[in-house]
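Results of the structural survey
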Amino acid sequence: MTGGALITMILILGIVWGGFMLLLIYALRREAGKSRRDGSHEDADVREDADVREDADVREDAGTREDGGSQNSGTDRTD
Amino acid sequence: MNTATGRRETFSSRWGMMLAMLSMAVGTGNIWRFPRIAATNDGGTFLIPWLIFLFLWSIPLLMVEFTMGKSLRSGPVDAFGRLIGSRFRWMGLWVAFTATAIMFYYSVVTGWCLRFLVASFTGEIPNAVPGAFWQSFEGSTQAVLTHVTMVVAAVALVYHGVRGIERIARILLPTLILLVIILLVRAVTLPGAHIGLDFLFTVHWADLADAEIWLQALTQNAWDTGAGWGLVLVYSIYARAREDTTLNAALLGFGNNSISLMAGILVLTTIFSIQPDAAADIVGAGNNGLTFIWVPQLFAKMPAGQYFMALFFLALLFAAFTSLVSLVELATRVLVDRRIARTRAVVIVGAGGVIFGLPSALSPAFFNNQDAVWGIGLMLSGLFFAFAVLKYGARRFRLNFMDSEDSDFRLGGWWRYLMAFVFLEAVILLGWWLSQTLSGEGWLESLNPFSEWSLGTVLLQWGVVLAAFIWWNRRADRGKVRA
């Protein structure tokens, strides 16, 4: 195998496979942190129910301008 | 989808969802298309734009789809309507239709994988004449039978809802990855494997000026990550309420392309180890030629090749089937959004899949035509997603839907430039493709709408579909037809 091909292989595999592994480890740590904050399973179930309602609100918000083009949301945040 | 208790059905966990999404994204595009496209576009040279478009096409569009699905909880048609106004629902309909049109022939491909898996067990392949089995099978009643079998299997799974999809993904995806790793280890330990690695990773920098390589790199990214298909949008409808979207989208893009690279290495090292003299013929034989004619011949020349060939077709079948399931789910979701009961919707999609897949199962020319027309149609789907975000306001989209407290990483002000760039990429590449097609000597012939593959056939089919959808949208907005 030529030196150039070897370097390219290390770079490409490093970015794609290495990037995937780093993102996966980061996601696992974030998820573990979220689980710790969320507490018990029962709490999570109650929260999920509340989230479904909250979700419906978000959807409703975006859906209020079915015919209105792009000026529909009343929840715009600013920096 | 709501359960009997009125509670929305969701994936059981982040990892359950990610497995389902990754199994959706990893399909035949990774295992048979990526190695061939990489090989026919100068190997290592192709990998540079392919990697760039992962960041500048696939991941941004996956983020958009993830966010639209999770925030708007509707299939593509209503998601476009809710985001940018009901008069743009035709764009969502285009996205959904393109994926459904692909489903019609993708079930045929999945059926081929099933037949070749069986044939590798029964010893029907390889035989003395390369391609003899494929030629006797392609377009036959057996191809119809396997097509119907795969549609029925996918419909049966989708019938059981998102938890059924998650359960099967938890089994099939890890198995698929294990199979690919086994085949990869075998391939790179073959004598002469380094020639294949050399080919795959040697960059000819001057060739990067060739626009064809960039176009192929973008379409390959669209094909194998599933970005812009609407499939991630549909699966995200079932995401848990406080799910992250940005990190998950990046994870999906990187995970998918990791498997593509594994497939590329395993296929090309196998080819260059076993038949280096015929490498150009093999990679130039097209998707079907490479997989269904040459792969059996290659494995036959390897110790214990029959077993490795069976593993290869098993991996291919798993990859194709899980992608087919997501296509069936998308079409079903569109009908469910039109207030059709899920059970009925699944049956309608199954019946449609069987009927409209028949021409592709029986006619290779029809199959090739549909593959070309709707494959390129994905670029238009991606363009519509980018348009939707820009129309809504890229900054508003980020602030309202993406940068929430549930997000694992926040996007910056660069997001709006990235979305503008994605939109421009699609416009430029579509324009470039049109000009290339029309600039050759046979430009008049390329306008023939009835040839197997021509600009004319693409424009005719796109034109009819777009006109019908825009007409429907206008009528629906005026209340003249059911929205």
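Residues numbered from 1 in each chain as written. Chains lettered and ligands numbered in written order. Predicted model: local features only at pLDDT ≥ 70, side-chain atom pairs only at ≥ 80, totals over all residues.

Things to note about the overall build of chain B
Counting its regular elements, chain B contains 20 helices and zero strands. Taken over C-alpha atoms, the radius of gyration comes to 22 Å for chain B, in line with the 23 Å a tight globule of 483 residues would show. Projected onto its principal axes, the C-alpha positions of chain B cover 65 × 50 × 45 Å. Across the 483 residues that make up chain B, the buried fraction comes to 57%. For chain B, restricting intrachain contacts to residue pairs at least 6 apart in sequence, the fraction spanning at least 24 positions comes to 82%. (Helix = DSSP H or I, 4+ residues; strand = E, 2+ residues; numbered from the N terminus. Rg over C-alpha atoms; globule rule 2.2 N^0.38 Å. Buried ≥ 20, exposed ≤ 12 C-beta atoms within 10 Å, placed from the backbone. Contact = placed C-beta atoms within 7 Å.)

Overview of the overall build of chain A
A count of helices and strands for chain A gives two helices and zero strands. Of all 79 residues assigned to chain A, the portion counted as buried reaches 14%.

As for helix 8 (residues 161-188) of chain B
Residue and element names in this part refer to chain B. The terminal C-alpha atoms of helix 8, which comprises 28 residues, lie 40 Å apart, in line with the 40 Å expected from a rise of 1.5 Å per residue. At Ala169, helix 8 is deflected by roughly 30°, the largest bend along its length. Residues Val162, Ile165, Glu166, Ala169, Leu172, Leu173, Leu176, Leu179, Val180, Leu183, Arg186 and Ala187 constitute the buried set of helix 8. Structurally, helix 8 contributes buried residues whose contacts are with helix 1 (14-25), helix 7 (141-159), helix 9 (193-201), helix 12 (246-274) and helix 15 (305-337). (Expected span 1.5 Å × (residues − 1). Bend = angle between axes of the 7 residues up to and from the residue.)

Focus on the confidence of the model for chain A
Of the residues in chain A, 48% reach a pLDDT of 70 or more, and the chain-wide mean stands at 69. This model gives residues 63-79 of chain A a pLDDT under 50, and the stretch forms 30 contacts once residues within four places in sequence are excluded. (pLDDT = per-residue confidence, 0-100.)

Quick word on unusual backbone geometry
Residue and element names in this part refer to chain B. Cis geometry marks the peptide bond from Ile125 to Pro126; its omega dihedral reads -5°. Note on placement: Pro126 falls in the loop between helix 5 (89-122) and helix 6 (132-137). Look at Asp42: it is not a glycine, yet its phi comes out positive at around 75°. C-beta crowding within 10 Å serves as the criterion here: with 20 such atoms nearby, Asp42 is assigned to the buried category. Of note, the phi angle at Ala304 is positive, near 55°, even though the residue is not glycine.

Quick notes on the nonpolar core
Residues and elements named next belong to chain B. Counting 178 residues, the largest nonpolar core has Met21, Cys113, Ala154, Leu316, Leu324 and Val328 as the members making the most contacts within it. Here the element with the most residues in this core is helix 5; it accounts for 22 residues. Residue contacts for Cys113: discarding those within four places in its chain leaves Phe313, Leu316, Leu317 and Ala320. (Core = buried A, V, L, I, M, F, W, Y, C linked by C-beta atoms within 7 Å.)

So, the packing of helix 5 of chain B against helix 17 (residues 364-392) of chain B
All names here are of chain B. Between helix 5 and helix 17, the shortest axis-to-axis distance is 9 Å and the interhelical angle comes to 150°. Relative to helix 17, helix 5 is oriented roughly antiparallel. For helix 5 against helix 17, the interelement crossing comes out left-handed. Contacts from Met91, Trp94, Val95, Thr98, Ala101, Ile102, Phe104, Tyr105 and Val108 in helix 5 reach Phe367, Gln370, Asp371, Trp374, Gly377, Leu378, Leu380, Ser381, Phe384 and Ala388 in helix 17. Of the residues in the contact of helix 5 with helix 17, the class split is 14 nonpolar, four polar and one charged. (Axes fitted to C-alpha atoms, helices over the stretch in contact; angles between N-to-C directions. Parallel < 35°, antiparallel > 145°, perpendicular 65-115°, else oblique. Left-handed = near helix turned anticlockwise from the far one by under 90°. Nonpolar A, V, L, I, M, F, W, Y, C, P; charged D, E, K, R; others polar.)

Structural notes on the packing of helix 1 (residues 3-38) of chain A against helix 3 (residues 44-72) of chain B
Where helix 1 of chain A contacts helix 3 of chain B, the two axes come as close as 11 Å, and the packing angle between them is 25°. In terms of their interaxial angle, helix 1 of chain A and helix 3 of chain B are classed as roughly parallel. Where helix 1 of chain A crosses over helix 3 of chain B, the two elements pack in a sense that is left-handed. Residues Ala5(A), Thr8(A), Ile12(A) and Ile15(A) of helix 1 of chain A lie in contact with helix 3 of chain B, whose contacting residues are Gly44(B), Leu47(B) and Leu51(B). Per-class residue counts for the contact of helix 1 of chain A with helix 3 of chain B are five nonpolar, two polar and no charged.

Quick look at the confidence of the model for chain B
On average, chain B scores 91 in pLDDT, and the residues at 70 or more come to 98%. Interface scoring of the predicted complex returns ipTM 0.88; its pTM is 0.88.

Overview of the environment of Asn127(B)
All names here are of chain B. Checked against the element boundaries, Asn127 lands in the loop between helix 5 and helix 6. Judged by the 15 C-beta atoms lying within 10 Å of it, Asn127 is partly exposed. For the pair Asn127 and Gln436, spaced 309 residues apart in sequence, the C-alpha to C-alpha distance is 41 Å. Ignoring anything within four residues of it in the chain, the contact list for Asn127 reads Ala132 and Phe133.

Considering the environment of Met17(B)
Residue and element names in this part refer to chain B. Inspection of the secondary structure puts Met17 in helix 1. You can call Met17 buried: it has 24 C-beta atoms within 10 Å. In the structure, Met17 is positioned 122 residues away from Gly139 in sequence and 36 Å away in space, judged by C-alpha atoms.

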